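# Fold and geometry: a report
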Amino acid sequence: MDFAAFPDDYSAGFAVLVGRPNAGKSTLTNALVGQKVAITSNRPQTTRHTIRGIVHRDDFQLVLVDTPGLHRPRTLLGERLNDLVAETLSEVDVIGFCIPADEKIGPGDRYIAQQLAASGNKPIVAIVTKADKVSHEQLTEQLIEVSALGDEIMSAERVARKQRRDRQERKKKGEQMPFRKGSGPAASRASAKGEPASGVVNDGRGGWADIIPVSAVNGYQVEEVAKLLSTHLPDSPPLYPTGELTDEPEATLIAELVREAALEGVTHELPHSVAVTVEEMEFREGRSEENPLLDIHINLFVERDSQKGIIIGKQGARLKEIGQTARKNIETLLGTKVFLSIHVKVAKDWQKDPKALGKLGF
Ligand SMILES: Nc1nc2c(ncn2[C@@H]2O[C@H](COP(=O)(O)OP(=O)(O)OP(=O)(O)O)[C@@H](O)[C@H]2O)c(=O)[nH]1
C-alpha cells in the first residue's frame, strides 16, 4: 500500500453524519467522497451498516462513517441500531448533525440533538442539508432555528452535567438530596420524549461548534463542509492510502445494493422488513482470465408472505427488475461480469429474534 508524501500540517480522523431518516446523510457522504459508496434511496432507513467513505485532500483525510438514522428504539432491531450509533459516536473526532432545510425541526431532531450533546465532548457541526429545496429567506430562517436549537440543547446539557456533578459531590459528603423543580421524574420523562426541559435558559456559552448549509445535489458548499469538518481533526498522517474509497467488505456493499434495488418504489413498512445476505460468491469455473464471471447467490429475507409477493411481483416481474438493477450496480462496483441469483425467503419476525438478527449480520 502506497501512502503518498504528506505535508507537516496534515490532519486526519473520523467524522460521522447523523440525523433522522431521510435527512440526506448518504447523499452528502456520496457528494463528499465523490463516488457512490453509501447507499441512498428515497425510503427512510436504508443505511443499516456503517459504510465509510474517505475524503482525500492535499492537507487532510476525512474518514466518513455513515450511520443508520438515530431514532427511538421500537423493536430489538431499533435498539441494536442505537447501540451501533452510540458506539460510532464514541469513536469519531467530529459529529455532523444533518437537518434538512425544507422541514421544520421536529421532536426527532430534538431527540437526536440531546443524544449527541449527552454523548460526550465531541464537536458537533450542524449541517443544514438540501439547501437547494428552499428560498434564500427560508434557508436563513432555518439556520437561525438550528442555531437556537444548539444553544438551547447545549445549555440544557451543561445544566444537567452540573446537577449530576453536584449530586455526586453531595452524595460523597453524605448530604441529603433536595428535590428540585425541573429535575424530578416529570422532567426526565419530558426529556426522554424529546421535549424541552422546562426552566432551562440559554446560558450564552454557545451551542454547535459550527453551522453550515449545503446542497449535495447541486454541489453548493460541499467542499466547505469537508473543510469545516477537517478543522476538527487531529494532526495525523493519513489513516488510509490515497485512492481507497471504502473499507467496507464487498459482501456488505453487494447486499446493500440488492436491498436498495428491492426497496425502489415500495410501500413504507417494507424497508424495516427486508434483510439481505450474500450466501456465496465464487468465480465461475472454466472461464478465461480476460472474461471472468462472478456467481453471487443472495438470500433476501422478508417477514411475511404478503411481502414476499410484493418483492416477487406478478409472474416474477419485480424480482427480475430488482435482479437486473442490482446486477448492473454490482458490476460497476466490482468491475467484473456478474451472475446474480436471488432467493426470496420468509423469516417470520426476524427483527425480534436475536438469533435471526445475528445470522443476518446485525
Ligand atoms: N433536493 C435535494 N434532495 C436531497 C439532497 N440530499 C438528499 N436529498 C434527497 O433526500 C432523500 C433522502 O436522502 P438520503 O441521503 O438517502 O438520506 P439519509 O439521511 O441517508 O436517509 P436514511 O438512510 O434513511 O437515514 C433522497 O431522496 C435524496 O435524493 C439535496 O441536497 N437536495
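Counting from 1, residues in each chain are numbered in the order their sequence is written. Where local features are concerned, this predicted model is filtered to residues with pLDDT of at least 70; where side-chain atom pairs are given and counted, the filter is 80 or more; whole-chain, interface and lining totals use all residues. Each side-chain value is worked out from all heavy atoms of the structure, with water and hydrogens disregarded.

## Focus: the overall build of the protein
- Put simply, DSSP H or I for four residues or longer makes a helix, DSSP E for two residues or longer makes a strand, and each gets a number counted from the N terminus. Looking only at helices and strands, the protein has eleven helices and nine strands in total.
- Expressed as a percentage of the 362 residues in the protein, the buried residues total 45%.
- Pairs of residues are marked as contacts when any of their non-hydrogen atoms sit within 4.5 Å. A sequence separation of at least 24 residues applies to 74% of the contacts in the protein between residues at least 6 apart.
- All accessible areas in this document rest on Shrake-Rupley with a 1.4 Å probe, and a residue is counted as covered only by the protein chains that are shown. For the protein, the exposed area adds up to about 18,700 Å²; of that, 50% sits on carbon and sulfur atoms. Accessible area is worked out with a 1.4 Å probe on protein chains only. A residue is then buried under 20% of its type maximum, exposed over 50%, and partly exposed in between.

## Looking at the side chain of D295
- Examined against the element boundaries, D295 turns out to sit in strand β8 (residues 293–302).
- Nitrogen and oxygen atoms within 3.5 Å of one another constitute a polar contact, given that in protein one can donate a hydrogen and the other can accept it, and given that sequence-neighbouring residues count only through two side-chain atoms. Within the structure, D295 has its side chain in polar contact with the side chain of R284 (distance 2.6 Å).
- When sequence neighbours within four positions are dropped, the list of residues in contact with D295 reads E280, M281, E282, R284 and F339.

## Thoughts on the confidence of the model for the protein
- Known as pLDDT, the predictor's per-residue confidence is scaled from 0 to 100. For the protein, per-residue confidence averages 79 on the pLDDT scale, and residues scoring 70 or more make up 73% of the total.
- The least confident element of the protein is helix α5 (residues 185–192), whose mean pLDDT is 45; the most confident is strand β5 (residues 124–129), at 97.
- The low-confidence segment residues 36–49, where pLDDT is below 50, has 65 contacts with residues more than four positions distant or belonging to other chains.
- Below pLDDT 50 for its whole length, residues 181–198 participates in 14 contacts with residues either more than four positions away or in separate chains.

## Remarks on the sheet that holds strand β7 (residues 275–283)
- Only strands joined by at least two bridges in the DSSP assignment are considered to pair. In spatial order, the strands read β7-β8-β9; together these three strands make up an open sheet with mixed pairing. At either end of the open sheet lies a strand with only one pairing partner, and these are β7 and β9 (337–346). Sheet twist, expressed as the average angle between the axes of neighbouring strands with direction ignored, equals 20 degrees.
- Axis definition: a line fitted to C-alpha atoms, over the contacting stretch in the case of helices. Angles run 0 to 180 degrees between N-to-C directions. Its contacts with the sheet put helix α7 (residues 250–263) on β7, β8 and β9, and the angle it makes with β7 is roughly 125 degrees.

## Section: the pattern of salt bridges
- Salt bridges, as used here, are contacts in which a Lys or Arg side-chain nitrogen is within 4 Å of a carboxyl oxygen on Asp or Glu. What the rule picks out here adds up to eleven salt bridges.
- A salt bridge links E152 to R110; the nearest nitrogen and oxygen atoms lie 2.8 Å apart. Residue E152 is found in helix α4 (residues 136–173), and its partner R110 is found in helix α3 (residues 107–118); the two are separated by 42 residues along the sequence.

## A short note on the environment of G207
- Its location among the elements puts G207 in the loop between α5 and β6 (210–213).
- Sequence spacing of G207 and S155 is 52 residues, and the spatial spacing of their C-alpha atoms is 7.3 Å.
- The contacts of G207, once residues within four sequence positions are left out, are G150, D151 and M154.

## A short note on the pairing of strand β4 (residues 94–100)
- Where burial is concerned, most of β4 is hidden: seven out of the seven residues are buried.
- Side chains V94, G96, C98 and P100 of β4 all project onto a buried face; the interleaved residues I95, F97 and I99 project onto the opposite face, where all are buried too.
- Taken together, the four bridges between strand β1 (residues 11–18) and β4 define a ladder with parallel strand orientation. Bridge pairing in β4 places L17 opposite G96.
- Where β4 meets β5, six bridges bridge the pair, whose relative direction is parallel. Counted as the bridge partner of F97 is A126 from β5.
- Orient the strands so they point away from the viewer, and a crossover whose first-strand-to-second-strand path over the helix runs clockwise is right-handed. Note on the crossover from β4 through α3 to β5: the handedness is right-handed.

## Focus: a negative patch on the surface
- Among the surface-exposed residues, D8, D9, D58, D59 and D235 lie close enough to one another that they form a single negatively charged patch.
- Within the fold, D58 resides in the loop between β2 (51–56) and β3 (60–66). Any residue with relative accessible area above 30% and no salt bridge may belong to a patch, with like charges joined within 9 Å and the nonpolar Val, Leu, Ile, Met, Phe, Trp and Tyr side chains within 5 Å. When charges are counted, Lys and Arg are positive and Asp and Glu negative, with His and the chain ends excluded. The location of each charge is read from NZ of Lys, CZ of Arg, CG of Asp or CD of Glu.

## Overview of the side chain of T277
- Take T277: it is sitting in strand β7.
- At 2.9 Å, the side chain of T277 forms a polar contact with the side chain of E279.

## A look at α3
- To estimate how far a helix should reach, multiply one less than its number of residues by 1.5 Å. Between its first and last C-alpha, α3 extends 16 Å over twelve residues, near the 16 Å set by a 1.5 Å rise per residue.
- Along α3, the residues classified as buried are D109, R110, Y111, I112, A113, Q114, L116 and A117.
- Backbone geometry just downstream of α3 places G120 in the positive-phi region, at approximately 150 degrees.

## What about the packing of α3 against α4?
- For the pair α3 and α4, interaxial distance at closest approach is 10 Å and the crossing angle is 45 degrees. It follows from the interaxial angle that α3 and α4 lie oblique. As for the relative orientation of α3 and α4, their crossing is right-handed in sense. Note on element contacts: α4 touches α3 through L149, E152, I153, M154, E157 and R161, opposite R110, A113, Q114, A117 and A118.
- Its residues placed into classes, the contact of α3 with α4 shows six nonpolar, one polar and four charged. The scheme is simple: roughly parallel for angles under 35 degrees, roughly antiparallel for over 145, roughly perpendicular for 65 to 115, oblique for anything else. Working rule for handedness: look at the near helix, and if it is turned counterclockwise from the far one by less than a right angle, call the crossing left-handed; if clockwise, right-handed. The nonpolar class holds Ala, Val, Leu, Ile, Met, Phe, Trp, Tyr, Cys and Pro. Asp, Glu, Lys and Arg form the charged class, and all remaining residues, Gly among them, are polar.

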